[in-house]
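Examination of the molecular architecture
This is what each chain is made of:
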Amino acid sequence: MKKQIILYYFTGTGNSLRIAQVMQSMFQKEGLKVSLLNIAEEKTLLLDLNHAIVGFCYPVYSFGMPRIVKNFMEKMPKASGTEVFLGATNGGGIGSAVIQGWKLLEKKGYVLLDSESIEMPNNYVVGRIPEEEECRKQVRAGEAKAEAFVQRLLAGGTKHIAKTGGLKGLLMAAASRGFTRYLPSMAKKFHTDENCNECGYCETICPTKSIILMEGEPKWLDTCEQCFRCINYCPRESIQTYGKTKGKRRYKLLPFQEGQK
Ligand SMILES: Cc1cc2nc3c(=O)[nH]c(=O)nc-3n(C[C@H](O)[C@H](O)[C@H](O)COP(=O)(O)O)c2cc1C
Ligand code: SF4
Ligand code: SF4
């Protein structure tokens, strides 16, 4: 195995970052150099990828890849055989999130080494956020799966394509195509309730800078990726959407400082 890994990630609520960190430390224990780079950072460089193995870790949105990750992959330079691995964190329904990334990169000349579906707590407040103890168990299981994935990569095992198969998989693939198209209209559904105290924290932690405060009131822009960081991290649980989030549990795995993407 090559000695350098470039590991790109995108995260809303910390699951994908945590998994990327677990993978980073596993590789480092084996003496490999790992650069962990956030896709949402403007300063994230497309480094010289020919001398490294390239990894990705990102959340699943509507059974597909986040738009920001897809756009990033599309901008990557052409390769001739650079090896890649993909890890997609999700709440139990990976759909085509790995296949989409794999196909896109394959067209550019990258070769898939392996991929994994890493189940973590669901952060989609519109659905159901698991109770705290359940979340802890899921995180531990996700970390263990990430470690096993790295061991497989180090051992050079057989290629595994993480996906949902059968009719369910086909339906999920169709759902994922609609998601990107409707992102702008989904951003318009976000709003605050009477509990918002105009603190501005949501504006500072949005990884895509898609919230602006207008006369103190948060407004959402089309660039929103639906990562759900704002809705989960608002200290007053004031952000709502689709009429299905009021009073529901929020999910926060890692703390995000102001300005952190
Ligand atoms: C808008 C949205 C859509 C989601 N869609 C799916 C999905 O289709 N399948 C799934 O298993 N999890 C889905 N999830 C859950 C996330 O993929 C999962 O919680 C992920 O680990 C979050 O990663 P992060 O903390 O790095 O943002 C969705 C979450 C959001 C916010
Ligand atoms: S973080 Fe919450 S309370 Fe603060 S401005 Fe944003 S929506 Fe309002
Ligand atoms: S506006 Fe909220 S959901 Fe959209 S990208 Fe920013 S933090 Fe994520």
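Looking at an unreviewed UniProt entry, the protein carries the name 4Fe-4S ferredoxin-type domain-containing protein, with the source organism given as Geosporobacter subterraneus DSM 17957.

This part takes up the domain arrangement of the protein. Segmenting the protein into domains produces domain 1 (4-178) and domain 2 (182-240). The gap between the C-alpha centroids of domain 1 and domain 2 is 25 Å. Every contact between the two is made by 15 residues of domain 1 and, on the other side, 15 residues of domain 2. For the pair domain 1 and domain 2, the two sides together bury roughly 1,200 Å², of which 54% comes from carbon and sulfur. Counting across the domain 1 and domain 2 interface gives one salt bridge. Viewed at the interface, domain 2 and domain 1 are joined by ten residue pairs in polar contact (both at pLDDT 80 or more). Split into classes, the residues belonging to the side of domain 1 that touches domain 2 amount to nine nonpolar, five polar and one charged.

Counted under the stated rule, the structure contains 14 salt bridges. A salt bridge links Glu74 to Lys70, with the nearest nitrogen and oxygen atoms 3.2 Å apart. One end of the pair is Glu74 and the other is Lys70, both in helix 2 (residues 67-75) and four residues apart, which spans about a single turn.

Conventions and cut-offs
- Throughout, a residue's number is its position along its own chain's written sequence, starting from 1.
- Each chain gets a letter, beginning with A, and each ligand a number, beginning with 1, in the order they are written.
- In view of the model being predicted, local features appear only for residues whose pLDDT reaches at least 70, and side-chain atom pairs are presented and counted only at 80 or more, with totals across whole chains, interfaces and linings using the full set of residues.
- Values reported for side chains reflect all heavy atoms of the structure, with hydrogen atoms and water molecules removed beforehand.
- Boundaries between domains were set according to an automatic or database domain assignment.
- Whether two residues touch is decided by their heavy atoms; if any such pair falls within 4.5 Å, the residues are in contact.
- Buried area, as used here, totals the accessible surface that two parts lose on assembly, with accessibility defined by a 1.4 Å probe and the loss added over both.
- Basic side-chain nitrogens of Lys or Arg form a salt bridge, by our definition, when they fall within 4 Å of a carboxyl oxygen of Asp or Glu.
- Any N or O atom pair separated by 3.5 Å or less is treated as a polar contact, with the protein-specific requirement of one donor-capable and one acceptor-capable atom, and with residues adjacent in sequence counted only for side-chain atom pairs.
- Residue polarity follows a fixed list, in which Ala, Val, Leu, Ile, Met, Phe, Trp, Tyr, Cys and Pro are nonpolar, Asp, Glu, Lys and Arg are charged, and the others, Gly among them, are polar.
- The numbering of helices and of strands both runs from the N terminus, where a helix is a DSSP run of H or I of at least 4 residues and a strand a run of E of at least 2.

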